[in-house]
Amino acid sequence: MTDSAARILQLRAELEQHNHRYYVLDEPSIPDAEYDRLFNELKALEAANPQLVTTDSPTQRVSGTPLTAFAEVQHEVPMLSLGNAFAEDDLLDFDRRVREGLDLPAGDLFGGGAEIDYCCEPKLDGLAVSLLYVDGVLMRGATRGDGSTGEDISSNVRTIRNVPLKLQGSGWPAVLEVRGEVFMAKAGFDALNARQLASGGKPFANPRNAAAGSLRQLDAKVTASRPLEFCCYGVGQVVGELPSTQVAVIQALKQWGLPISKELRLAHGVEECLAYYRDIGARRQALAYEIDGVVFKVNDLGYQRELGFRAREPRWAIAHKFPAMEELTELLDVEFQVGRTGAVTPVARLKPVQVAGVTVSNATLHNMDEVARLGLMVGDTVIIRRAGDVIPQVMAVVAERRPADARPVAIPQSCPVCGSHVERTQLVKRAKGRETISEGAVYRCVGRLSCEAQLKQAIIHFVSRRALDIEGLGDKIVEQLVDVGLVHSPADLYTLRYEQVVVLDGFADLSTRNLLAAIESSRQPALARFIYALGIPDVGEETAKLLARALGSLARVQAALPEVLTWLPDVGLEVAHEIHSFFEDEHNRTVIAQLLERGLQLQDEGELHAEFSACASLAELIDKLNIAGIAATGAKNLADKAGSLQAVVALSQDWLELSVMKGLSEKAKQSLRDYFANPANVARAEAIEQQLRDFGMHWGSEKKQAEGLPLAGQTWVLTGTLELMSRDQAKQQLESLGAKVAGSVSAKTHCVVAGPGAGSKLAKAGELGIAVLDEAAFVERLAGYGIVL
Ligand code: IVH
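Everything numeric here is computed off the predicted structure, so don't read it as measured data.

Colleague: Which parts of the structure should I look at to understand the packing of helix 20 (residues 573-584) against helix 21 (residues 586-597)?
Modeller: When two helices pack together, you describe them by how their axes are tilted relative to each other and by the distance separating the axes. As a packed pair, helix 20 and helix 21 sit with axes 5 Å apart at the nearest point and diverge in direction by 70°. As the angle between them shows, helix 20 and helix 21 are arranged roughly perpendicular. On helix 21, the residues touching F582, F583 and E584 of helix 20 are E586, N588, R589 and I592. Taken together, the residues that form the contact of helix 20 with helix 21 break down as 3 nonpolar, 1 polar and 3 charged.

This is the structure:
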């Protein structure tokens, strides 16, 4: 054997090992970069020695040209389906039939008779697939089809990372047809749908559809880009020896590198099956993938043969189903709710229907774009889906069932609560000196705090735990205070008197005094809490903390120009404009002034944070002016040449001097002249410069160093569920290391920690190429900094 051939074999074996550790055992053994290095070395060697390429090489997962159609595959052993049990009695009947079929003693008044051992597994909600291994090498993958004839999807199954192209170890039958389910985990599904939406595509209704759509692609490259997984639960055609029980067979498949369910158990008798069903049912929502029930199989293969089949179902297996998560029902009406920021959102009123054990009569419709995307009309039959504690969703319309009198859904002209005008929000895109305005998906009631719906929500937010934290001021009480006309703005809370409160529903002497004391003790909020409590659109707790920490005073936050705000990490121009226009608004200014007049004293006000003083540069300022044709490099050249804003303006007006300047295109020079020819633009630039100076952020002042914490200056994002610690804990640890924890992923994000259930943020991190850690890796990273949980 040549050196290359030997090295190729060694690399393949090593890569297969790592692949198996990573995708099947979930225990990554080497860093991704190291894997890539080995993979690329193998690719290079194979390219140099094409005669040595084999189909089971890890480089061959995605290859070949798109097909025009799938070939047919005859199943040697038919692929059957399963009978269903819905109630516990159905399962007891199944167990009785099994024992009768085997002629085992039946139970009587004094005992249960012989107990049967059952192999228990979750019933994954995906697609049944057959994988044919000949001499340990994957030769073919096929769909179930009608059970006798399926489709050849070999190139597609090869792209599924946890499907071994070659079996491991030894002792496998010469011909081994493995059967199992191809599915998409919840996180993968969410990420895929986020990607679909971002690219203007249609999202998939559920993980099952997504898996089916991804597997039936004629171009395997598309399949390869989808987060599919495989889990095996049995065998079909076998030439050779296998163990004599179901569980032992599955364990053997595991030894050969095939992924099996972590939830596989052996139950002695039907009672243990029922316990298994209840246990998995209770954990259903927390599982990383969707299941629609559990499957019980008689464990003894001799018994399986004895029991045989009835029609297309085995007598030795049954699916015990969970209540369905999707149901059909009728859309009776669409009503409109008004939220804290005035957003008018459509809500579906449904003919009540049981979904996964809960009666559903309302579902969110998000916004009018969603209504349009669904093509929804009142009177339609719709598919409702309820997953976990998530608000039920309308997934699709059953178009064939639309009645003749179905009517379109229209946004109301005026607010259903206060009657004010309802306006469509505008999306303002600012790029290179120009603003383009397009229609947003959200409609807003313009009534602000004069709209009772908005007022109530605003106050509920203002007093909530993470805002001013006024204990005892629950939603119902807030509603009452507004309804009886005692409170017209958050500032009115601070004028409430004993005799006004004590007469309200549910109040007596002690509760009144407690409430007034709670309000009293909220008079000294930290600046960050106060900013958050104001409910500025798009300003969550993190942004509020950032504003408070960076700018150090309400006066600075209130006065900050949008461009100046964008110097803060993670504040983009859109949010900056939201913040600025919130404080520009006359009504908001009045409420804030009243709050301060009525004795609210903000804490933690102080200097501008060291990190931000002297952080600006002239080049950045020029860049932020968004002059057409002048990007970062052009701005830098200009700044280097001119040295001050005044000099840049002068240069733009000195035709000759500008003409001979290097490092700027003709077009850029022309737009620079045009830009500063407009006095309003000169004034704007000067105002920004002046404010930077006032705030102490100017390049003229001396740059102070930020604290030397290991993660200083970094922004992290937490997403999905963490199991070893709470999110708050994770956040605290990161902050203690100097990192900032943000709520959304952007190009400025350094790292994303993703637990199970992570969705769009994880997808975005993928798109932007941002580092992602799972919880285990995160814990290890913390340990590296000496933080042990
Ligand atoms: S056993 C003869 N086990 O459910 C045995 N099926 O409703 C046939 N499924 O077509 C299948 N998880 O796609 C089996 N642990 C599991 C399963 C499972 C999901 C699917 C499979 C099958 C369908 C029958």
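Colleague: Could you clarify how one ought to interpret the site of the ligand in this entry?
Modeller: Around the ligand, 13 residues are found, and the nearest of them are E121, K123, E181, Y233 and K297. Between a nitrogen atom of the ligand and a side-chain N or O atom of K297, the distance comes to 3.0 Å. Here the ligand, which alone exposes 520 Å², has 87% of that area covered by the protein. Put simply, the parts of the chain that give the shell around the ligand at least two residues each are strand 3 (117-124) and strand 10 (291-298). Per element, the largest residue contribution to the shell around the ligand is 4 residues, and it comes from strand 3. Taken together, the residues of the shell around the ligand sort by class into 9 nonpolar, no polar and 4 charged.

Colleague: Help me understand the sheet that holds strand 13 (residues 317-321), please; the structure alone is not making it clear to me.
Modeller: By way of backbone hydrogen bonds, the strands of a sheet pair with one another, either parallel or antiparallel. The mixed open sheet is built from 5 strands, whose spatial order is 2-13-10-3-9. Sheet topology places strand 2 (83-85) and strand 9 (265-268) at the edges, where each strand pairs with a single neighbour. Neighbour-to-neighbour, the strand axes of this sheet turn through a mean angle of 35°, independent of strand direction. Bridge analysis of strand 10 against strand 13 gives 5 bridges, and the strand direction is antiparallel. Residue pairing across strands places K297 opposite A317, the latter belonging to strand 13. With respect to the sheet, helix 3 (residues 88-101) is in contact with strand 2, strand 3, strand 10 and strand 13, its orientation differing from that of strand 13 by roughly 170°. The strands that helix 8 (residues 246-255) touches are strand 3, strand 9 and strand 10; relative to strand 3, the one it contacts most, it runs at about 50°.

Colleague: Is there a simple way to explain the side chain of E290 in this structure?
Modeller: Tracing the backbone through its elements, the reader meets E290 in the loop between helix 9 (270-283) and strand 10. Polar side-chain contacts of E290 include one of 2.5 Å to the side chain of R385. With sequence-adjacent residues up to four places away left out, E290 is seen in contact with L124, D125, K186, P207, M325 and R385.

Colleague: Help me out: how do you make sense of empty space enclosed by the protein in this one?
Modeller: If a probe the size of a water molecule is rolled over the atoms, the empty space left behind becomes visible. Counting across every chain of the model gives 2 cavities of 30 Å³ or more. Put simply, the largest cavity is a space of about 70 Å³. The wall of the largest cavity is formed by 13 residues, among which E16, H20, V24, P164 and G257 lie closest to the centre. Here the lining of the largest cavity is built from residues that sort into 4 nonpolar, 5 polar and 4 charged. Taken as a whole, the second largest cavity spans an internal volume of roughly 40 Å³. Lining the second largest cavity are K186, R284, Q285, Y289, E290, I291 and M325. Its residues placed into classes, the lining of the second largest cavity shows 3 nonpolar, 1 polar and 3 charged.

Colleague: In this structure, what is going on with the nonpolar core? I would like to understand it.
Modeller: The tendency in soluble globular proteins is for nonpolar side chains to be buried as a group. Grouped together as the largest cluster of nonpolar side chains are 92 residues, with contacts concentrated most on L493, L551 and F676. Excluding anything up to four places from it in sequence, F676 contacts L625, I627, V648, V649, S652, Q653, N681, V682 and A685. Among the nonpolar cores identified, the runner-up in size contains 34 residues, and L167, V182, L258 and L264 belong to it.

Colleague: How do you make sense of helix 30 (residues 775-784) when you look at a structure like this?
Modeller: For an α-helix the count is 3.6 residues per turn, leaving residues at separations of three or four pointing the same way. Along helix 30, the positions that sit buried rather than exposed are E775, F778 and L782. Here the buried residues of helix 30 occupy an arc of 55° about the axis, which is enough to place them on one side. Structural note: helix 30 exposes E780 and G784 on the side pointing more than 90 degrees away from its buried face. The first or second residue beyond helix 30 is G786, which carries a positive phi of 85°.

Colleague: How should the packing of aromatic side chains be read in this particular structure?
Modeller: Taken as a whole and judged by the stated rule, the model has 10 aromatic pairs. Ring centres of Y22 and Y23 lie 4.7 Å apart, and the angle between their planes is 65°; on these two criteria the pair is classed as edge-to-face. The class for Y22 is partly exposed, based on a relative accessible area of 35%. On the accessibility criterion, Y23 (36% relative accessible area) is partly exposed.

Colleague: Teacher, can you tell me more about the pairing of strand 13 here?
Modeller: Regular strands place side chains that alternate from one sheet face to the opposite one. Within strand 13, 5 of the 5 residues are buried, leaving the element largely enclosed by the surrounding structure. Going residue by residue along strand 13, you find A317, A319 and K321 tucked away on one face and I318 and H320 tucked away on the opposite face as well. One ladder, built from 3 bridges, connects strand 2 with strand 13; its direction is parallel. Paired with G83 across the two strands is I318, which belongs to strand 13.

Colleague: Help me understand the pattern of salt bridges in this model?
Modeller: Between side chains of opposite charge, a pair can form when the charged atoms approach closely. For the structure shown, the criterion picks out 38 salt bridges. Where K297 meets E121, a salt bridge forms, and the shortest distance between an N and an O atom there is 3.2 Å. Within this pair, whereas K297 is found in strand 10, its partner E121 is found in strand 3, the two being separated by 176 residues in sequence. We classify E121 as buried; its relative accessible area is 4%. As a salt-bridge pair, K641 and E657 come within 3.6 Å of each other at their nearest N and O atoms. Placement of K641 in helix 23 (residues 632-642) and of E657 in helix 25 (residues 655-659) is noted, with a sequence separation of 16 residues between them. Among the ionic contacts, a cluster of salt bridges with common partners joins E263, R265, D279 and R283.

About the criteria used
- Residues numbered from 1 in each chain as written.
- Predicted model: local features only at pLDDT ≥ 70, side-chain atom pairs only at ≥ 80, totals over all residues.
- Heavy atoms only, no water.
- Axes fitted to C-alpha atoms, helices over the stretch in contact; angles between N-to-C directions.
- Helix = DSSP H or I, 4+ residues; strand = E, 2+ residues; numbered from the N terminus.
- Parallel < 35°, antiparallel > 145°, perpendicular 65-115°, else oblique.
- Contact = heavy atoms within 4.5 Å.
- Nonpolar A, V, L, I, M, F, W, Y, C, P; charged D, E, K, R; others polar.
- Near = heavy atom within 4 Å.
- Polar contact = N/O pair within 3.5 Å; in protein donor to acceptor, adjacent residues only side chain to side chain.
- Areas by Shrake-Rupley, 256 points an atom, 1.4 Å probe, with all protein chains shown as cover.
- Pairing = 2+ DSSP bridges.
- 1 Å grid on protein atoms, 1.4 Å probe; cavity = no way out; pocket = protein on both sides within 12 Å on 5 of 7 lines; lining within 4 Å.
- Points joined across faces, edges and corners; volume = space filled by probe spheres on them.
- Core = buried A, V, L, I, M, F, W, Y, C linked by side-chain atoms within 4.5 Å.
- Buried < 20%, exposed > 50% of the residue type's maximum accessible area, 1.4 Å probe, protein only.
- Arc of directions from axis to C-beta.
- Phe/Tyr/Trp six-rings, centres within 6.5 Å; stacked < 30°, edge-to-face > 60°.
- Salt bridge = Lys/Arg side-chain N within 4 Å of Asp/Glu carboxyl O.

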